Amino acid sequence: PKYGIGDIRKDPYLFCNKQPIERLEACYSNMLPPLLENTDNDFHKAADYINANMQHGEVTAIDGHTINQLVTIGLMFEYMRVHGQEPDYAEKAIAFCRRQPEDDHMACIEGLSGGFIKYGTPGVEYVKNLQFCENSLLTDEERDHCYAYTLPRMSGRYDQETTQKICAQVPEVYRSKYCPKP
């Protein structure tokens, strides 16, 4: 096989588990497409595979997240790509996140939030994102994580004026904590 990589579809993390720690998160995240292909987009099976086969998932990577949490965020981006247009996606997705290991629960919620940014309608991704963060099914802690993940990223995606308009739609408690100051 090219580059000495075997058929990654059989066991996507086998290759990753041989990488140095500084490459693990990127490798695991880049194996999400073959993993989802293996599981026919069954996110329960994919999460089970990740939790059973990832090595060094507890290592802190970026933004205070562990490698496992960052991969969970990426998995949930893909959940939104596959299921984000379904009428009951939020109920199913929140329930899914609550069934994840405790260390991954909030990263899972953040991934749902970020999935709107990644796969939403360009220029108005934030509309459904904010609607999700206000979903009555979310606990206060889940809602806080939703906004904490989303709002700081708005300034990197939109100009200052648009970011301020978005932040004006957010409850003050989250706006004051997570929106960039003008």
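Please refer to the structure placed before this passage.
Predicted model, so just to flag it, every value in this text is computed and none were measured.

With that settled, consider the packing of helix α5 (residues 67–83) against helix α7 (residues 102–119). Relative orientation of the contacting elements α5 and α7 amounts to 45°, with a least axis distance of 7 Å. As the angle between them shows, α5 and α7 are arranged oblique. As for how α5 packs across α7, the hand of that crossing is right-handed. Note on element contacts: α7 touches α5 through Asp103, Asp104, Ala107, Cys108, Glu110, Gly111, Leu112, Gly114, Gly115, Phe116, Lys118 and Tyr119, opposite Asn68, Gln69, Thr72, Ile73, Met76, Phe77, Glu78, Tyr79, Met80 and Arg81.

This paragraph deals with the state of the cysteines. Disulfide: a covalent bond formed between the sulfur atoms of two cysteine residues. In total, this model carries 4 disulfides according to the counting rule given. Paired by a disulfide, cysteine 16 and cysteine 27 hold their sulfur atoms 2.1 Å apart. Its S-S torsion of about -85° marks the bond between cysteine 16 and cysteine 27 as left-handed, since a negative value means left-handed. Of this pair, cysteine 16 sits in helix α1 (residues 12–16) while cysteine 27 is found in helix α2 (residues 21–30), placing the two residues 11 residues apart along the sequence. Here cysteine 167 pairs with cysteine 179 through a disulfide, and the sulfurs are 2.0 Å apart. Handedness of the cysteine 167-cysteine 179 disulfide follows from its S-S torsion of about -100°: it is left-handed. Taken together, the residues span a long stretch of sequence, with cysteine 167 in helix α10 (residues 160–168) and cysteine 179 in the segment after α11 (172–178) at a distance of 12 residues. Each member of the pair, cysteine 167 as well as cysteine 179, is classed as buried.

Assignment of secondary structure puts glutamate 91 in helix α6 (residues 89–98). The class for glutamate 91 is exposed, based on a relative accessible area of 55%. It is 9.3 Å that separates the C-alpha atoms of glutamate 91 and asparagine 135, two residues lying 44 residues apart in sequence.

Right, let's get into the nonpolar core. The biggest cluster of nonpolar side chains holds 47 residues, and the ones touching the most others in it are Tyr13, Leu75, Leu112 and Phe132. When residues no more than four places from it in sequence are discounted, the contact partners of phenylalanine 132 are Tyr89, Ala90, Ile94, Ile109, Leu112, Ser113, Phe116, Leu138 and Cys146. With 5 residues, the next largest nonpolar core counts Leu70, Ile73, Phe77 and Tyr149 among its residues.

Scoring rules and cut-offs
Residues numbered from 1 in each chain as written. Predicted model: local features only at pLDDT ≥ 70, side-chain atom pairs only at ≥ 80, totals over all residues. Heavy atoms only, no water. Axes fitted to C-alpha atoms, helices over the stretch in contact; angles between N-to-C directions. Helix = DSSP H or I, 4+ residues; strand = E, 2+ residues; numbered from the N terminus. Parallel < 35°, antiparallel > 145°, perpendicular 65-115°, else oblique. Left-handed = near helix turned anticlockwise from the far one by under 90°. Contact = heavy atoms within 4.5 Å. Disulfide = S-S within 2.5 Å. Buried < 20%, exposed > 50% of the residue type's maximum accessible area, 1.4 Å probe, protein only. Core = buried A, V, L, I, M, F, W, Y, C linked by side-chain atoms within 4.5 Å.

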